[in-house]
Amino acid sequence: MAHALIFDSGVGGLSVSAEIRHRMPALQQSYAADDVFRPYGEKSDAELQARLPELLWSLCETVNPDLAVIACNTASTSALKDIRAILDIPIVGVVPAVKPAAGISPGGRFAVLGTPGTVRREYVDKLIEDFAPDHDVVRLGSTALVRLAEDKLSGRRVNPSDIEREVGPLIVKKVDTIVLACTHFPLLKAEIESAIPYAVNLIDSGEAIARRVETLIEEMPVFKARRPGSDMALLVGHDKDPIRRETFKTYGFHCVVGLHD
Ligand code: DGL
């Protein structure tokens, strides 16, 4: 088996990592969280494009993966091209699942719930234009949900009224399907479901990304039978919260180390 680097601004990429682990338990994973620069959804394209290629390059120099997953919609819709330009391994991006949502939305009105940065991107304009031109697509950006997902995985209680406030505009519009267009949001799936007073489809990209990673790895010339090393999480900025560190362990990253920015 090979070795994949999973990258996000924080714990969001764990939702993608878990899908990949479920599909390929023997794949070695390294995880990197850019804790010092979060939230990405509040950063401009210029800021993300200036930071991410170099950061990914140095992370790849450190862990030497066969492939990297940018497990972050905000980073992928902004800087995927720049990251791919300086790395010579396959880079898998995570982008909003607009096409599947358009395919299953019963009433034709669905939401793209992402970070403020993602929902205003031209990348999303293009996805809607290509795959949902006749749908009524409601875009909603929330940084609070990113913080609440971080809180939850750091062992802090998530107040249901905070979730209700964030998804309230989607209830008013009565969307029947919600694209979870931020990798932090599947970590709050149960809370989001309970905040919506009617049945709703929640869609994220995790499973599709796991399938893509599997295909790329199977195509690699050296397909190793065994995991090359143990799974490690690298926290940019040395976050020392013991509960958060424990969370990484429950997701299979038994070694958690801090990195200086
Ligand atoms: N998890 C990231 C995403 O998928 C963003 C979180 C943040 O704003 O840092 O967009």
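Scoring rules and cut-offs
- Residues numbered from 1 in each chain as written.
- Predicted model: local features only at pLDDT ≥ 70, side-chain atom pairs only at ≥ 80, totals over all residues.
- Heavy atoms only, no water.
- Phe/Tyr/Trp six-rings, centres within 6.5 Å; stacked < 30°, edge-to-face > 60°.
- Lys NZ or Arg CZ within 6 Å of the ring centre and 35° of its normal.
- Buried < 20%, exposed > 50% of the residue type's maximum accessible area, 1.4 Å probe, protein only.
- Helix = DSSP H or I, 4+ residues; strand = E, 2+ residues; numbered from the N terminus.
- Pairing = 2+ DSSP bridges.
- Right-handed = clockwise from strand over helix to strand, strands pointing away.

Considerations on the packing of aromatic side chains
- One pass over the structure, following the stated rule, counts four aromatic pairs.
- By way of ring pairs, the aromatic residues Phe-7, Phe-37 and Tyr-40 are connected into one cluster.
- Across the ring face of Phe-253, the terminal group of Arg-21 is positioned such that the distance to the ring centre comes to 5.0 Å.
- Taking the ring centre of Phe-37 as reference, the NZ or CZ of Lys-43 above it sits at 4.7 Å.

Considerations on the pairing of strand S1 (residues 3–8)
- Across the six residues that make up S1, a large majority, six, are buried.
- On S1, burial covers both faces: His-3, Leu-5 and Phe-7 on one face and Ala-4, Ile-6 and Asp-8 on the other are all buried.
- As paired strands, S1 and strand S2 (residues 28–33) are joined by six bridges and run parallel to one another. Across the sheet, the residue bridging to Ile-6 is Tyr-31, located in S2.
- Each parallel crossover has a hand, and the one from S1 via helix H1 (residues 14–23) to S2 is right-handed.
- Relative to strand S3 (residues 67–70), S1 runs parallel, the two sharing four bridges. By the bridge assignment, Leu-5 is partnered in S3 with Ala-68.

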